[in-house]
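Examination of the molecular architecture
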Amino acid sequence: MNKAMTIVYEVDEGLYLNITNRCTNRCEFCIRNNGDGAYGSDSLWLEHEPTREEIVDAVFSRDLEKYSEVVFCGYGEPTVRLDDMRYVALKIKEKHPALTIRVNTNGHSDLIHGKNTAPSFADAFDVVSVSLNTPNSQKYEQICHSVYKEKAFSALLTFTENVKNYVQKTLLSVVRQSLTEDELSECYAIAEKIGVSLKVRDYISSESGV
Ligand code: SF4
């Protein structure tokens, strides 16, 4: 495993932020299982977890005018640093109020922090994309191996349902190759019931991206 301090990296027109390597899942399809980077980036394994000031400095070392969005994504679960993530997002909003800020999350924020965290997304974030991954708790446990075990799946659904009231757009996402056609249909039904869109993406290796 190569380590570096790649706090920001570009993906298409977005600026992605890598603020932690900690995660509450061990997904079998995780890009981290077969490489060190994403989208041709340098290693996303961090030499140390950057302070909020280091993240702000890394963000503002770039010309933010040239990006269509800033994405908290990382090589880990960004909401383990919810307060720091919000701090950085608000700093960006101060100077670039029109720039879209997205969070890609596994939806475990409430379990991580032991409370309803959805209100913490208000004003700081525009889009929240939650990895649904599977249509039920059993399969989620089988392929995501969460530290929260059977609580993980229902918690991510509750989080999604709550956070959609605080941001402009909320999505659930799945990896097409992980699901049967029937399971994919079930995922669409879950998204519809919660009242959000389902994003179906292809599996991407570390050679090409997350
Ligand atoms: S939640 Fe994301 S970062 Fe964590 S193991 Fe799964 S795919 Fe990897």
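Overview of the structure. (Residues numbered from 1 in each chain as written. Predicted model: local features only at pLDDT ≥ 70, side-chain atom pairs only at ≥ 80, totals over all residues. Heavy atoms only, no water.)

Some thoughts on unusual backbone geometry
Phi is positive for D123, close to 70 degrees, though the residue is something other than glycine. Classification of D123 by relative accessible area gives exposed; the value is 66%. In this model, H145 sits at a positive phi of 45 degrees, which is unusual for a non-glycine residue. The topology assignment puts H145 in the loop between α4 (137–144) and α5 (151–163). Using a relative accessible area of 36% as the deciding quantity, one classes H145 as partly exposed. (Buried < 20%, exposed > 50% of the residue type's maximum accessible area, 1.4 Å probe, protein only. Helix = DSSP H or I, 4+ residues; strand = E, 2+ residues; numbered from the N terminus.)

Brief notes about the packing of aromatic side chains
Evaluation of the coordinates by the stated rule reveals six aromatic pairs. With centroids separated by 5.4 Å and ring planes inclined at 50 degrees, the aromatic side chains of F121 and F125 adopt a geometry described as tilted. For the pair shown, F121 and F125 are each scored as buried. Among the aromatic residues, ring-to-ring pairing joins F72, F121, F125 and F159 into one connected group. (Phe/Tyr/Trp six-rings, centres within 6.5 Å; stacked < 30°, edge-to-face > 60°.)

Structural notes on the pattern of salt bridges
Within the structure shown, the criterion is met by 10 salt bridges. Across the pair R52 and D84 runs a salt bridge whose closest N-O atoms are separated by 2.8 Å. Taken as a pair, R52 in helix α1 (residues 52–60) and D84 in helix α2 (residues 82–95) lie far apart in primary sequence, 32 residues in all. Look at R52 and you get partly exposed, because its relative accessible area is 25%. Across the pair K93 and D126 runs a salt bridge, and its minimum N-O distance is 2.7 Å. One end of the pair, K93, is in helix α2; the other, D126, is in the loop between α3 (109–113) and β5 (127–131), with 33 residues separating them in the sequence. (Salt bridge = Lys/Arg side-chain N within 4 Å of Asp/Glu carboxyl O.)

Comments concerning α2
Helix length check: α2 (14 residues) gives 20 Å between terminal C-alpha atoms against 20 Å at 1.5 Å per residue, within 8%. Those residues of α2 not exposed but buried are L82, D84, M85, V88, A89, I92 and K93. In this fold, the buried residues of α2 make contact with β2 (14–17), α1, β3 (69–72), β4 (100–105) and α3. (Expected span 1.5 Å × (residues − 1). Contact = heavy atoms within 4.5 Å.)

Some words on the site of the ligand
What surrounds the ligand is the set C23, N25, C27, C30 and N106. Looking at the shell around the ligand, its residues break down into three nonpolar, two polar and no charged. (Near = heavy atom within 4 Å. Nonpolar A, V, L, I, M, F, W, Y, C, P; charged D, E, K, R; others polar.)

Shape descriptors only; they carry no functional weight alone.
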